[in-house]
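Chain by chain, the residues:
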Amino acid sequence: MSPVPAAEDPLPPAPAGPADAPPGGSAVPGGGGAGRAVLIAGPDAAEGRRLHPFTPLRRAWVPIAATAGVVAQQGGRAGEWVADLSTLLRVLALAALILVFGLYGFLSWWFTRYTVTDTELRIRTGLLFRRTAHIRLERLQAVDVTRPLLARLTGVASLRLDVIGTEDKDQLSFLGEKEAVALRAELLARAAGFAPEEAVRLGEAPERELLRVGPRELAVSLLLSLGVWAALAGGLIAPVVVWWVSSSPWAAVVTLLPILGAVWAGSVGRFLTEYDWRVAESPDGLRLDHGMLDRAHETVPPGRVQTVRIVEPLLWRRRDLVRVELAVAGSKNEVLVPVASRAAAYAVIARVLPGVDLAALSFSGSPDRGSRWVVPVWWRGYALAVSPEVFAARHGRLCRRTEIVPHAKVQSVRLAQGPWARARGVADVHVDTGANGTVTARLRAASEAADLLCAQAARSHTSRATARPDRWMTQDGA
């Protein structure tokens, strides 16, 4: 890994836009509080721009996959149908299928267009049933550029949009690589409040690299992960046990396949996904570039990080290595740093949680008297630290995890105490965040938990009242 030392001068900010300007425009019918509404487009809708001509080839795979599924389901009967046909009919049938699939891909591409207006991005699709997705620009929180392997070979990219209030990402697949990058920059500038002409002129915001994880460091971290070796051992032992008990090789194969999938996802698949991981700082957030076969360009939006999780597997702690994960409201971007030294990881976290000194956090463990009877052995892994900026809870002994929540991101605070914990004088304090997540300080003394409940509610209220909203491409907020 190669952390880049922070320069004395900050990253040159983009020109300040009207961050406090009202969003403008009328509400989209049926949209409510969500960032996207779906309705039938009228005949006067703008024509818009089409996707890349490569798109029909990609969309033709949908009916191809459906046809292959039907053939596989029929099994031997499909083979009998094909055998009954003459050579000429087989050729004609194949040509007809190719024509139908190609026509489907062409029509789906021809009737898909997108338009960027002053207040929203419109994506129109459908031949018989027209559908228009209205994505309000002020509710954009991330715009990611992804380049799958085949797309990289053909010079195209996909644009994925994270919108506040929606679970699924809208997507424009595919655009030319230069067009995708330019459209991403334009959408982020519009989301920051810049005028359309100025948004096009600004182009891609500048960036400065903060951290880079090399292939060697990533491979070593995977070899030092006990979870990978445990999954591998399970994949070798479980099928043998099933075969010995059931005397059926097919039962062993059925057991082996999902285990092999888990081993692949946790080892080789993870290496391919996190290969050449780069973290860069820009006015529109932290940019993440990674991937060997499928290259992804993602953005950690400013002000949307709800929780930071520091993961320290047992064998990593001897080398002082950590992994940093995120919980971002409305986004599926979960990894910030796959592996790095503690100092390098803390330097990157400082960009996400400005003003927070993680090295200065002082953790206090759970009380001995009551905790050892509620959670035997593992009670020593629980600890808590509270600073003027964050609430931090730690748990785990083999794999230690530290979850950090800024006070301004706390939505609610709860105290939980079961009958056995109440008899032993301990309680749990749950802190709920905006990413539908919960950080729990387990096994605190009952009196401490009650005081913590009231104090945390007050800290969260004060922090939310004084926090300034973050806007795209602005350094000082509104």
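Given the structure is predicted, the values throughout are model-derived calculations rather than measurements.

1. Describing the pairing of strand 13 (residues 305-313)
Across the nine residues of strand 13, eight count as buried, placing the element largely inside the fold. Here strand 13 pairs with strand 14 (residues 321-328) via six bridges, running antiparallel. Counterpart to arginine 309 in the pairing with strand 14 is glutamate 325. Strand direction decides the pairing type here: strand 13 and strand 19 (residues 399-406), joined by six bridges, are antiparallel. For isoleucine 310, the partnering residue across the bridge sits in strand 19 and is threonine 402.

2. Digging into a nonpolar patch on the surface
On the surface, Leu223, Trp229, Leu232, Leu236, Ile237, Val241, Trp244 and Val245 cluster together into a nonpolar patch covering about 920 Å² of accessible area. Top contributing element to the nonpolar patch by residue count: helix 9 (residues 226-246), with seven residues. Inspection of the secondary structure puts leucine 236 in helix 9. Under the relative-accessibility criterion, leucine 236 is labelled exposed at 60%.

3. Re the sheet that holds strand 6 (residues 140-147)
Strand order in this open sheet of seven strands is 8-7-6-12-11-10-9, and the pairing throughout is antiparallel. The strands lining the two open edges of the sheet, one partner per strand, are strand 8 (170-176) and strand 9 (208-213). The average undirected angle you get between the axes of adjacent strands in this sheet is 20°. Two strands pair when backbone bridges link them, and strand 9 and strand 10 (residues 277-282) are joined in this way by five bridges, in the antiparallel orientation. Within strand 10, the residue paired with valine 213 across the bridge is tryptophan 277. The sheet contacts of helix 6 (residues 177-192) involve strand 6, strand 7 (156-163), strand 8, strand 11 (285-290) and strand 12 (295-300), and relative to strand 8 the element is tilted by about 135°.

4. Describing helix 6
For helix 6, built from 16 residues, the straight-helix expectation of 22 Å at 1.5 Å per residue is met to within 8% by its first-to-last C-alpha distance of 23 Å. Within the span of helix 6, buried status applies to Ala180, Leu183, Arg184, Ala185, Glu186, Leu187, Leu188, Ala189, Arg190, Ala191 and Ala192. Backbone geometry just after helix 6 places glycine 193 at a positive phi near 105°.

5. Brief notes about the side chain of aspartate 144
Mapped onto the elements of the fold, aspartate 144 is located in strand 6. The exposure class of aspartate 144 is buried, given its relative accessible area of 0%. A distance of 3.0 Å separates the side chain of aspartate 144 from the backbone nitrogen of threonine 299, its partner in a polar contact.

6. Some remarks on helix 13 (residues 342-352)
Turning to helix 13, its buried residues number three or more, namely Arg342, Ala344, Ala345, Val348, Ile349 and Val352. The arc enclosing the buried residues of helix 13, seen along the axis, measures out at 160°, which places them on a common side.

7. Let's talk about the pairing of strand 14
Looking along a regular strand, one sees the side chains alternate between the two faces of the sheet. Of all eight residues in strand 14, seven are buried; the element is thus mostly enclosed. With four bridges connecting them, strand 14 and strand 15 (residues 335-341) associate as antiparallel partners. Directly across from leucine 321, in strand 15, lies its bridge partner serine 341.

8. Brief notes about the environment of glycine 102
Among the secondary structure elements, glycine 102 is positioned in helix 4 (residues 87-110). Expressed as a C-alpha distance, the spacing of glycine 102 and leucine 57, which sit 45 residues apart in the sequence, is 7.5 Å.

Here is what the cut-offs are and how they apply
Residues numbered from 1 in each chain as written. Predicted model: local features only at pLDDT ≥ 70, side-chain atom pairs only at ≥ 80, totals over all residues. Heavy atoms only, no water. Buried < 20%, exposed > 50% of the residue type's maximum accessible area, 1.4 Å probe, protein only. Helix = DSSP H or I, 4+ residues; strand = E, 2+ residues; numbered from the N terminus. Pairing = 2+ DSSP bridges. Patch = residues over 30% accessible without salt bridge, like charges linked within 9 Å, V, L, I, M, F, W, Y side chains within 5 Å. Areas by Shrake-Rupley, 256 points an atom, 1.4 Å probe, with all protein chains shown as cover. Salt bridge = Lys/Arg side-chain N within 4 Å of Asp/Glu carboxyl O. Axes fitted to C-alpha atoms, helices over the stretch in contact; angles between N-to-C directions. Contact = heavy atoms within 4.5 Å. Expected span 1.5 Å × (residues − 1). Polar contact = N/O pair within 3.5 Å; in protein donor to acceptor, adjacent residues only side chain to side chain. Arc of directions from axis to C-beta.

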